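Structural characterization, general
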Amino acid sequence: MRPSKPLTGGGVQQSRLPDTGNTYRTEGVLVLGAQIRVMGVQEQYPFDVEAVRADFPILDRLVGGDPESPGEGPGDDTPLVYLDSAATSHTPDAVVDTIADYYRGYNANVHRGIHQLSQEASVAYEEAHDTVADFIGASGREEIVFTKNTTEAMNLVAYAWGLDELGPGDNVVLSQMEHHASLVTWQQIGKRTGADVRFIEVTDEGRLDMEHAAECIDGDTQMVSVVHVSNTLGTINPIAELADIAHDHDAYVFADGAQSVPTRPVDVEDLGVDFLAFSGHKMCGPTGIGALYGREEILEGMQPYLYGGDMIRRVSFEDSTWEDLPWKFEAGTPSIAQGIAFAAAIEYLEEIGMENVQAHEDLLAEYAYDELTDLGGVEIYGPPGHDRGGLVAFNVEGVHAHDLSSILNDYGVAIRAGDHCTQPLHDELGVAASARASFYLYNTVEEVDALVDAVGEARDLFA
Ligand code: PMP
């Protein structure tokens, strides 16, 4: 048994939930904190957002350009309003400290040395798998493979399982709102194996057409791979319902959790999924680390995806045998500091509480949806504001999304513009690109106001 290394700097030093003496429950979520006025209704942040913001020094940056001469490049006179967390979130001091502690205190390769530093690094890296497993309700580290990101987690399954298990006559069922990480991967594996790839249609309101889902999934379906929260429409898909249909046909279910795991409580047992993928950099962690959850018996039956050091048990010139799960799927030197910091990010989120993160996202998304709607000349994609993830993709009449993003940048407002890696969905929407504002635990109602004001300015500029 290796010695257990305490993760210095890995947790949150102080509670983010100060007792304001101002407490009530809304839809089962404990609500505390500063009062704000939203949509004329007295609402409350679910936690102390200003205290959270203090953990993210980057939010104090000045950026922007001169709104008098829009699009003329970077400046440094406007407070940053960061509304692009669906692309990547920021990293709190506790997580940055964890990375620094690792490099300053116990930097060493894992599983390769019996010297003290290597043992300390190995224990911290391995325990990070336990933290991730607990976070999503997996049964243990055997079910958590660390990957580079969501994309790699999907490719791992597509290559290691798909190439072996799929063939002509089989089908894989996706949805029209898949991210390219899933869509391109299964499309290409389909071409290589001869399996058909089907797409569940999206309704006019931006939801999955569940009747069509039931038609697509049949006795030849081997895998249903669907995004949990759409990064473009904000739709929260009924994964558990899909899992029931898929399992009735003995198909596996893979949820793309890139946008859901960072923003709401996600439990693999409740969802009934066989695989789940997500990225550390969208949930307060560093880049270069993500996770694949896979049910243990399925992972056991799969061949490795990458071969090499660390994933083998015994090698001869003729053959090799594999390490236990999850190491069988983690060939070569892994992202050690990033893995340990991923766990620190999860501890940070847990300190706030995922129900509270979700409540905060709901509040901002609904407010943004309503305010942008009221502004006029704005087309918002996806379901109505009270029933979506914490992001809003939209277009402003007569303004290209790239121009809009550039003008907003002059006001310090950072949003995304483009196809958000959902080109076929944009084809379905009949637009080449959209603007997307996405919210996270450190965003405020005032920042949504800044967004809406700047969108109004841009609309008037092009009118
Ligand atoms: N799926 C969804 C729904 C996403 O939003 C993203 C990131 N935009 C990905 C997959 C890919 O994530 P990554 O780039 O971290 O692999």
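Structural notes, computed from the coordinates. (Residues numbered from 1 in each chain as written. Predicted model: local features only at pLDDT ≥ 70, side-chain atom pairs only at ≥ 80, totals over all residues. Heavy atoms only, no water.)

This next bit is on the pairing of strand E12 (residues 252-256). Burial analysis of E12 places 4 of its 5 residues in the buried class, the great majority of the element. As paired strands, strand E11 (residues 221-227) and E12 are joined by 5 bridges and run parallel to one another. From the neighbouring strand, Ser225 faces E12, where its bridge partner is Phe254. By the bridge criterion, 3 bridges tie E12 to strand E13 (residues 275-279) in an arrangement that is parallel. Bridging across to E13, Asp256 finds its partner in Ala277. (Buried < 20%, exposed > 50% of the residue type's maximum accessible area, 1.4 Å probe, protein only. Helix = DSSP H or I, 4+ residues; strand = E, 2+ residues; numbered from the N terminus. Pairing = 2+ DSSP bridges.)

Attention now moves to the nonpolar core. Membership of the largest hydrophobic core comes to 111 residues, with the highest contact counts inside it found for Ile136, Leu276, Phe394 and Leu441. Ranked by the residues each element gives to this core, the list is headed by helix H10 (residues 336-352), at 12 residues. Formed jointly, this core draws a minimum of three residues from each of two domains, domain 1 (15-79 + 353-462) and domain 2 (94-351). Discounting residues that sit within four places of it in the chain, Ile136 has contacts with Ile144, Val261, Val266, Asp267, Val268, Leu276, Phe278 and Tyr293. (Core = buried A, V, L, I, M, F, W, Y, C linked by side-chain atoms within 4.5 Å. Domains from an automatic or database assignment. Contact = heavy atoms within 4.5 Å.)

Two elements in contact, helix H4 (residues 150-165) and helix H5 (residues 180-193), have axes whose closest approach is 9 Å; the angle formed by their N-to-C orientations is 20°. Classified by the interaxial angle, the pair formed by H4 and H5 is roughly parallel. H5 is crossed by H4, and the crossing has right-handed handedness. Facing Thr151, Met154, Asn155, Val157, Ala158, Tyr159, Trp161, Gly162 and Leu163 of H4, the residues of H5 in contact are Ala181, Ser182, Thr185, Trp186, Ile189, Arg192 and Thr193. Here the contact of H4 with H5 is composed, by residue class, of 9 nonpolar, 6 polar and 1 charged. (Axes fitted to C-alpha atoms, helices over the stretch in contact; angles between N-to-C directions. Parallel < 35°, antiparallel > 145°, perpendicular 65-115°, else oblique. Left-handed = near helix turned anticlockwise from the far one by under 90°. Nonpolar A, V, L, I, M, F, W, Y, C, P; charged D, E, K, R; others polar.)

The next thing to look at is the pairing of strand E8 (residues 144-147). Neither face of E8 is exposed, since Ile144 and Phe146 on one face and Val145 and Thr147 on the opposite face are all buried. Pairing geometry for E8 and strand E14 (residues 290-294), over 4 bridges, is antiparallel. When the sheet's bridge partners are listed, Ile144 is paired in E14 with Tyr293.

So, on to the site of the ligand. Taken together, 13 residues surround the ligand, and among them Thr151, Asp256, Gln259, Ser279 and Lys282 come closest. Thr150 is positioned with one of its backbone polar atoms (N or O) 3.4 Å from an oxygen atom of the ligand. His179 places a side-chain nitrogen or oxygen 3.2 Å from a nitrogen atom of the ligand. Taking 400 Å² as the accessible area of the ligand by itself, protein coverage stands at 88%. A per-class count over the shell around the ligand returns 3 nonpolar, 8 polar and 2 charged. (Near = heavy atom within 4 Å. Polar contact = N/O pair within 3.5 Å; in protein donor to acceptor, adjacent residues only side chain to side chain. Areas by Shrake-Rupley, 256 points an atom, 1.4 Å probe, with all protein chains shown as cover.)

If you walk through the whole model with that rule in mind, you get 15 aromatic pairs. For the pair Phe146 and Phe342, a centre-to-centre distance of 5.8 Å together with 45° between the ring planes defines the contact as tilted. Of the two residues, Phe146 is situated in strand E8 and Phe342 in helix H10; the sequence distance between them amounts to 196 residues. Here Phe146 matches Phe342 in class, with each residue buried. Look at Tyr159 and Tyr305: their rings are 5.8 Å apart centre to centre, the planes differ by 45°, and that puts the pair in the tilted class. Of this pair, Tyr159 sits in helix H4 while Tyr305 sits in the loop between helix H9 (296-301) and strand E15 (312-315), placing them 146 residues apart in sequence. Residue Tyr159 is classed as partly exposed on the basis of its relative accessible area, which comes to 33%. One aromatic cluster is present, formed by Tyr125, Phe146, Phe278, Trp327 and Phe342 through successive ring pairs. (Phe/Tyr/Trp six-rings, centres within 6.5 Å; stacked < 30°, edge-to-face > 60°.)

Taken together, the side chains of Glu201, Glu211, Glu215, Asp427 and Glu428 define an acidic patch exposed on the protein surface. Contributing elements (two or more residues each) for the negative patch: helix H6 (210-216) and helix H13 (423-429). Position of Glu428 relative to the elements: it lies in helix H13. Residue Glu428 is classed as exposed on the basis of its relative accessible area of 53%. (Patch = residues over 30% accessible without salt bridge, like charges linked within 9 Å, V, L, I, M, F, W, Y side chains within 5 Å. Salt bridge = Lys/Arg side-chain N within 4 Å of Asp/Glu carboxyl O. Lys, Arg positive; Asp, Glu negative; His and termini not counted. Charge placed at Lys NZ, Arg CZ, Asp CG, Glu CD.)

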